[in-house]
Amino acid sequence: MKKFSESTFQPIRKPKTSRQDSGGAKQDPDWNMLDDQLREDQRWSTWPDTEKLMRGPHPYPEFVIEDAAAIDTELGVLKTGKEADVFLIERATTEHSALLAAKRYRSSEQRMFSRSTIYTEGRSIRRSRDARALKNSSTYGKLVEASRWADSEWQYLKLCFAAGVPVPYPVQILGTEILMEFIEDPNSPGMAAPRLHQVHPTQVRLRDYWEQLVEAMRVLSSLGFAHGDLSAYNVLAAGERLVIIDLPQLVDLAGNSQGVELLQRDCRNMCSWFASRGLEKDSEELLSELMAATW
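Below: a short report on this structure. What you see is a predicted model, and the numbers here were worked out from it, not measured in a lab.

## Observations regarding a negative patch on the surface
A cluster of acidic residues, D282, E284, E285 and E289, forms a negative patch on the protein surface. Following the sequence through the fold, E285 ends up in helix α5 (residues 283-294). Taking relative accessible area as the criterion, E285 reaches 56% and is therefore assigned exposed.

This is the structure in structure tokens:
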């Protein structure tokens, strides 16, 4: 089994300071007179502030705009969650535009819950200072915790995308904000694809969805991971295809003593949803198939 852990991933460089000073009392050294042309819901594209490890895998899809003159406009909220909010962003130049999803992790003070340690068992923290800060819940430790979840999701998105798991393409990360592919509803252009729990597909499409899901879970298992929180609420139904979202808690099946139990829960959750739509599947049979792919 090919095993990946947090220590497999290369470190992410911290972001540069933003172009604008939100307080107004102290002028940002990066400010220029063109900033005054932006509305409150706009900013200059943050792509130029990112470096190689903070950008998605090559080749870049056509919707990735690299132009430093592009403007990001916040169009609204796609999802409000317990630990992060997702916003719809338009990145545009005078000639091109693209819709992106911006996932912004909250600080520990603003979160409505803390991730259970069952997900992080088996993960390592490189820097001893960070480990001490997390243990002591210091101010710095809270910052480390917020960026740790964002960094985890970023790395897992890149890993899964490269392996062929159906996840949104990861465009960039800057601080605790991840920009990723906006998964659009092909039947309603400009609208987000519905979550799987919201749809009632035909039996033909339902069987196709099942095959897609099993293949996605099999690839994850072959990488040594379980989603850990998989349900019909974090799978998008974009027309004929499924897209899996919310990946920061991916569970290391070899390093986490509860990994198999969490994978079993994923299997039960998904089999229950398919049964509710008229397609009966055996969760234990699915678990056995996935475990075979793992080892």
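## Thoughts on helix α4 (residues 259-276)
The end-to-end C-alpha distance of α4 is 26 Å, a good match for the 26 Å that 18 residues give at a rise of 1.5 Å each. All of the buried residues along α4 are G259, L262, L263, D266, C267, M270, C271, W273 and F274. Looking at the buried positions of α4, the neighbouring elements they touch are α3 (203-222), β7 (225-226), β8 (235-238), β10 (251-252) and α5. Within two residues after α4, G278 carries a phi angle of roughly 100°, on the positive side.

## Description of the environment of D185
Mapping D185 onto the fold places it in the loop between β6 (177-181) and α3. Separated by 51 residues in the primary sequence, D185 and L236 have C-alpha atoms spaced 9.3 Å apart. With residues near it in sequence (within four places) discarded, D185 still touches M191, A192, A193 and P194. Here N187 takes part through its backbone nitrogen, which lies 2.9 Å from a polar atom of the side chain of D185.

## Observations regarding the nonpolar core
Counting 54 residues, the largest nonpolar core has L196 and F274 as its most contacted members. Not counting residues up to four positions away in its chain, the partners in contact with F274 are L206, Y209, W210, L213 and L279.

## Some remarks on the sheet that holds strand β4 (residues 97-105)
Pairing is antiparallel across the open sheet formed by 6 strands, whose spatial order is β1-β2-β3-β4-β6-β5. The open sheet has two edge strands, β1 (42-44) and β5 (170-174), and neither has a second partner. Here the strands of the sheet are splayed against their neighbours by 30° on average, with no regard to which way each runs. Here β1 pairs with strand β2 (residues 71-80) via 3 bridges, running antiparallel. Across the sheet, R43 pairs through a bridge with D72, a residue of β2.

Reading guide: rules and limits
Residues numbered from 1 in each chain as written. Predicted model: local features only at pLDDT ≥ 70, side-chain atom pairs only at ≥ 80, totals over all residues. Heavy atoms only, no water. Patch = residues over 30% accessible without salt bridge, like charges linked within 9 Å, V, L, I, M, F, W, Y side chains within 5 Å. Areas by Shrake-Rupley, 256 points an atom, 1.4 Å probe, with all protein chains shown as cover. Salt bridge = Lys/Arg side-chain N within 4 Å of Asp/Glu carboxyl O. Lys, Arg positive; Asp, Glu negative; His and termini not counted. Charge placed at Lys NZ, Arg CZ, Asp CG, Glu CD. Helix = DSSP H or I, 4+ residues; strand = E, 2+ residues; numbered from the N terminus. Buried < 20%, exposed > 50% of the residue type's maximum accessible area, 1.4 Å probe, protein only. Expected span 1.5 Å × (residues − 1). Contact = heavy atoms within 4.5 Å. Polar contact = N/O pair within 3.5 Å; in protein donor to acceptor, adjacent residues only side chain to side chain. Core = buried A, V, L, I, M, F, W, Y, C linked by side-chain atoms within 4.5 Å. Pairing = 2+ DSSP bridges. Axes fitted to C-alpha atoms, helices over the stretch in contact; angles between N-to-C directions.

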